[in-house]
Amino acid sequence: MGSRRMTFGQATLEAMQYAMDEDPNVVVIGEDISWGGNFGQFRGLVDRYGPERVVDMPISESLIVAMAVGASAAGLKVVASMSFVEFTLGAMDEIVNQASKFRYMFGGQVSVPIVLRASDGVRGSSGAQHSSSLEGMFCNVPGLKVVAPSNGDDAKGLLRAAIADPDPVVYLEHKQITGQRSEVADGDHVVPLGSAKIVRPGSDISVVTYSNMVNHALVAAEELASLGVSVEVVDLRSLVPLDVATIAASAARTGVVLAAHESWTFGGFGAEILAQVRECVPDQSQLRTHRLGARSAPIPFSPTLEPAIVPGAADLVAEIRRILAV
Amino acid sequence: MDSSPLDRTRAIDLLRTMETIRAFETRIEALFKQGLLPGFVHSCAGQEAIATGVCSRLDRADCITSTHRGHGHAIAKGIELDAIFAELYGKAAGACGGRGGSMHVADFSIGMLGANGIVGGGFGIAVGAAFAARYQRREQVAVCFFGDGAANKGTFHEALNFAGVHALPVVFVCENNRYAQFTAASRTTAVADISVRAAAYGIEGDSIDGNDLLAVIDATDRAVARARSGGGATLINMATYRHSGHYVGDAEQYRSREEVAASRSEQDPIQRFTAHIVAAGVVTESEIADVRLAVEARIDAAQQFAEAAPFPDPATAMRDVFTEAGS
Ligand SMILES: Cc1ncc(C[n+]2csc(CCOP(=O)(O)OP(=O)(O)O)c2C)c(N)n1
Ligand SMILES: [Mg+2]
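Residues numbered from 1 in each chain as written. Chains lettered and ligands numbered in written order. Predicted model: local features only at pLDDT ≥ 70, side-chain atom pairs only at ≥ 80, totals over all residues. Heavy atoms only, no water.

### Some remarks on the nonpolar core
Put simply, the rule reads: In this description, a nonpolar core means a group of buried Ala, Val, Leu, Ile, Met, Phe, Trp, Tyr and Cys residues linked to one another through side-chain atoms lying within 4.5 Å. Buried, partly exposed and exposed residues are distinguished by accessible area as a fraction of the type maximum, computed with a 1.4 Å probe on protein chains only: under 20%, between the cut-offs, and over 50%, respectively. Marked domain ranges trace back to an automatic or database domain assignment. The contact criterion used throughout is that any non-hydrogen atoms of two residues lie within 4.5 Å.
If you look at the biggest cluster of nonpolar residues, it comprises 93 residues, and the most contacted ones within it are Leu236 of chain A together with Phe146 and Phe172 of chain B. Counting contributing residues per domain, this core is built from domain 1 (3-185) and domain 2 (197-321) of chain A, each supplying no fewer than three. Apart from residues no more than four positions distant in its own chain, Phe146 of chain B is found in contact with Thr67, Phe123, Ala151, Phe156, Phe172, Val173, Cys174, Glu175 and Leu235 of chain B. If you look at the next biggest cluster of nonpolar residues, it comprises 66 residues, including Phe32, Ile64, Val282 and Val283 of chain B.

Written out as structure tokens, the structure is:
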């Protein structure tokens, strides 16, 4: 099967079409959805499927999620565009108290097949309320699955899996890469939730990461290769469920793990990655674990301040050189 | 009291439902006070006419969302008494396998989409159920029960606006018992009749005496007919009063003994309905006594079932966080 170059957003659009063609009960709701959403990831869907299935919502985030919960309990599968991830906070009550708990609290009577698509990450001076990465919050809540693809091909396959999944999935799409082009496999394909991928094999250190930080890690790895350092990059793709086996195997091979993400280090998902590694790698004696994430401040606007808080490729290079003393 | 014709069978059915809710709440309250029930419970005694009247006009496939004060809604919608009783004990045979408890009683097989511990949590869920019904071309309605306190949540606004825009088949029923926990509605809400807000959402508003079972039925009929015929949503203010405290054990310092006593003696929905049907010659006093006896026996049986039922196995505690393959 061949592939084509397209943007991450276009790749998700293909997944949406496969899902909607396959199952008439898949509906899409969100603000400005019939205009394509904020990053064009929904462009054209309304023309193809009509406004009953691609529903423009008022600026009512808690309703968007509650309605998705009610409609899914009544037989639909709802993909809700939450726009910027910060806007999910207005619906956190519905996400945490309703969506994530419905199945368990009601004794398994019902599933809640909803996908909450939200754009996160820094994109260059979007300011404190449009730059956050909040996966740590979602990952802390039982009953939610969380995915964060790093490229269009995975974005397509993971979205397909997320929509097919019977439980609530938070689908995080990094806004820096939504418009970036990459090779995307033709046709319908599914990336199962909970499968990490080694996107660059290496032997000196394992960088365990996800979302756009994978792309930074690949740039860093290339640069470090010229210094003779061999960096393995593990793209988690899915945070819940987490592919602990792949991480642990990589950690056991290289003996050094750097968990990296854009979101805040303190209390962040990197700590969970490292704890999992500590719990799962049999020989701890040679294992070293490190993490790199944002410093504990809101994300500033100014082009000189933003990178002082949120790490990028250069920070990864510096951190890996420090860890390996090269 | 409205004088809609009532046949004997229907009157007895309605009475049985109200008496069942009352007897259930009375029994639960007593058991809780003896320390026999885990957690905490909210009684809807005094508000039976609303759950009973509304649900009597719904089909099995119609959906309801409920509140923290939800036992009456579940019973009126048709939950098995054994299942709700066992749920309150946290038993495996409970409606939710003991996972939910009093505040999360649900039975999706009869369209009872859950009591809810989050005040105002039901608005959007009911709208979602109504949206799904419309989308799948099912002639179903969704009813959202909520309290006067819940009317001040932002979720109220978001849901009613959307229901108005799309003329969704949903009925918002405000059980206006004039208090939210310990605070009188007059201190928190600028309008006494919540239904005046309907105009702001382009939907119909209605306001009735919620302790008058026949008025509840009439208002429900109007709203449900509107919903089923594509006429959209209705917001109904149903004035009522709760006989017990906010929760069992509430010291009730925020309202006078006289106010409670007056409501119990003059506004009791069950007394009012029985007085009406006896005066109209539909049923006799002795038939009413028979209903009460049968209801008590049914509650006894449910209690025995719940007490005898086993607790869930702790080994099952991690089940159903997610949907397991094959389920
Ligand atoms: C979001 C939320 N806020 C506060 C509470 C605590 N609480 C439980 S019941 C209640 C009062 C609700 O009043 P009302 O909606 O009038 O219902 P009623 O208890 O009178 O039936 C409050 C404040 C809660 N459960 N959920
Ligand atoms: Mg109240």
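Next comes the rest of the account.
### Describing helix H2 (residues 48-56) of chain B
What counts here: Secondary structure elements are defined from DSSP: runs of H or I of at least 4 residues count as helices, runs of E of at least 2 residues count as strands, and each element is numbered from the N terminus.
The element H2 of chain B is extensively covered by neighbouring structure, given that 8 of its 9 residues are classed as buried. Residues of H2 of chain B that are buried: Glu48, Ala49, Ile50, Ala51, Thr52, Gly53, Val54 and Cys55 of chain B.

### Digging into the sheet that holds strand E4 (residues 77-84) of chain A
Residues and elements named next belong to chain A. Filter applied, for reference: The rule for pairing is simple: two strands pair if DSSP sees at least two bridges between them. Fitted lines through C-alpha atoms serve as axes, helices being fitted only where they are in contact, and the angles separating the N-to-C directions of these axes extend from 0 to 180 degrees.
One open sheet accounts for 7 strands, arranged E3-E2-E4-E5-E7-E6-E12; its pairing is mixed. For this open sheet the edge positions go to strand E3 (54-56) and strand E12 (238-240), each flanked by a neighbour on one side alone. Taking each pair of neighbouring strands and ignoring which way they run, the sheet shows an average axis angle of 20°. Judged from the 3 bridges that link them, strand E6 (residues 145-147) and strand E7 (residues 169-174) form a sheet pairing that is parallel. Within E7, the position partnered with Val146 by the bridge is Val170. Lying on the sheet, helix H7 (residues 152-164) is in contact with strand E2 (26-30), E4, strand E5 (114-120), E6 and E7; it crosses E7 at an angle near 160°.

### Observations concerning the side chain of Asp212 of chain B
Let me state the cut-off plainly: This count recognises Lys and Arg as positive and Asp and Glu as negative, with His and chain-terminal groups excluded. Between Lys or Arg on one side and Asp or Glu on the other, a salt bridge is scored when a side-chain nitrogen of the former is within 4 Å of a carboxyl oxygen of the latter.
Within the secondary structure, Asp212 of chain B sits in the loop between strand E6 (204-209) and helix H8 (213-228). Within the buried set, Asp212 of chain B has no salt-bridge partner at all; the shortest N-O distance to an opposite charge, 4.3 Å, is to Arg272 of chain B.

### Considerations on the site of ligand 1
Residue and element names in this part refer to chain B. Where we set the bar: Consider each residue's heavy atoms; a residue with any of them within 4 Å of a molecule or strand counts as near. Counted as a polar contact is a pair of N or O atoms within 3.5 Å, where, for protein atoms, one must be capable of donating a hydrogen and the other of accepting one, and residues adjacent in sequence contribute only when both atoms are in side chains. Computed with a 1.4 Å probe, the accessible areas rest on the Shrake-Rupley method; for each residue, only the protein chains presented here act as cover. Each residue gets one of three labels, nonpolar for Ala, Val, Leu, Ile, Met, Phe, Trp, Tyr, Cys and Pro, charged for Asp, Glu, Lys and Arg, and polar for the others, Gly among them.
In the vicinity of ligand 1, 15 residues are found, and the nearest of them are His68, Arg69, Gly117, Gly149 and Asn177. One of the side-chain N or O atoms of Arg69 is found 2.8 Å from an oxygen atom in ligand 1. In this structure, an oxygen atom belonging to ligand 1 sits 2.9 Å away from a main-chain N or O atom of Ala150. If ligand 1 stood free it would expose 580 Å²; the protein chains cover 75% of that surface. Across the shell around ligand 1, the residue classes tally to 5 nonpolar, 7 polar and 3 charged.

### Focus on the domain arrangement of chain A
Residue and element names in this part refer to chain A. Stated precisely, the cut-off is as follows: By convention, the term buried area covers the 1.4 Å-probe accessible surface removed from two parts as they join, with the contributions of both added.
We note that the domain assignment places domain 1 (3-185) and domain 2 (197-321) within chain A. The C-alpha centroid of domain 2 is placed 25 Å from the C-alpha centroid of domain 1. Of the roughly 2,000 Å² buried between domain 1 and domain 2, counting both surfaces, carbon and sulfur atoms make up 56%. Counting across the interface, domain 1 meets domain 2 through 1 salt bridge. Here Arg237 and Asp154 are joined by a salt bridge, their closest N and O atoms 2.9 Å apart. Those elements that place two or more of their residues in the side of domain 1 that touches domain 2 are helix H6 (135-139), E6 and H7. Across the side of domain 1 that touches domain 2, the residue classes break down as 11 nonpolar, 12 polar and 4 charged.

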